[in-house]
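Residues per chain, in single letters:
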Amino acid sequence: MNPLYEWLYENYAKPQLADRQLSSVYQLQRQEWQTTAEQLPRRERLLSEDLMATLKNDWGIISFACGVRFGLRLAADLFGQEEL
């Protein structure tokens, strides 16, 4: 992955994607997962929390990078350039 995309995501997109701004369906699913995770033994709970954080971060960066690339292609088409 392009390090610039990761930096842009960490510094610009990620702060805008706080949980409170996500859909109510996501909120309900996250609450259900947290309730279930609280009942797990400590090690398994920590592993599941790490997995969820890693998935959220990785998919956030990947989707942001795809959006950047799409935006660049769209701009190139709009302005009649080969590639920006």
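The rules behind these values
Residues numbered from 1 in each chain as written. Predicted model: local features only at pLDDT ≥ 70, side-chain atom pairs only at ≥ 80, totals over all residues. Heavy atoms only, no water. Helix = DSSP H or I, 4+ residues; strand = E, 2+ residues; numbered from the N terminus. Buried < 20%, exposed > 50% of the residue type's maximum accessible area, 1.4 Å probe, protein only. Contact = heavy atoms within 4.5 Å. Areas by Shrake-Rupley, 256 points an atom, 1.4 Å probe, with all protein chains shown as cover. pLDDT = per-residue confidence, 0-100. Axes fitted to C-alpha atoms, helices over the stretch in contact; angles between N-to-C directions. Parallel < 35°, antiparallel > 145°, perpendicular 65-115°, else oblique. Left-handed = near helix turned anticlockwise from the far one by under 90°. Nonpolar A, V, L, I, M, F, W, Y, C, P; charged D, E, K, R; others polar.

Right, let's talk about the overall build of the chain for a bit. The helix and strand tally for the chain stands at three helices and zero strands. In the chain, the succession of helices and strands from N to C terminus is α-α-α. Here the chain holds 84 residues, and 14% of them are scored as buried. When contacts within the chain are restricted to residue pairs at least 6 apart in sequence, long-range pairs at least 24 apart make up 54% of them. Within the structure as shown, the chain displays about 6900 Å² of accessible surface, and the carbon and sulfur contribution to it stands at 58%.

Once that is clear, we can look at the confidence of the model for the chain. A residue-level look at the chain finds 89% of positions with pLDDT of 70 or above and a mean pLDDT of 81. Of all helices and strands in the chain, the one with the weakest mean pLDDT is helix α1 (residues 3-16) (77), whereas helix α2 (residues 24-38) scores best (88).

So, about the packing of α2 against helix α3 (residues 42-79). Contact pair α2 / α3: the axes reach a minimum separation of 9 Å and the direction vectors enclose 155 degrees. As judged from the angle between their axes, α2 and α3 are roughly antiparallel. Between α2 and α3 lies a crossing of right-handed hand. Note on element contacts: α3 touches α2 through R45, S48, E49, M52 and K56, opposite Y26, W33, A37 and E38. Looking at the contact of α2 with α3 residue by residue, the classes come out as four nonpolar, one polar and four charged.

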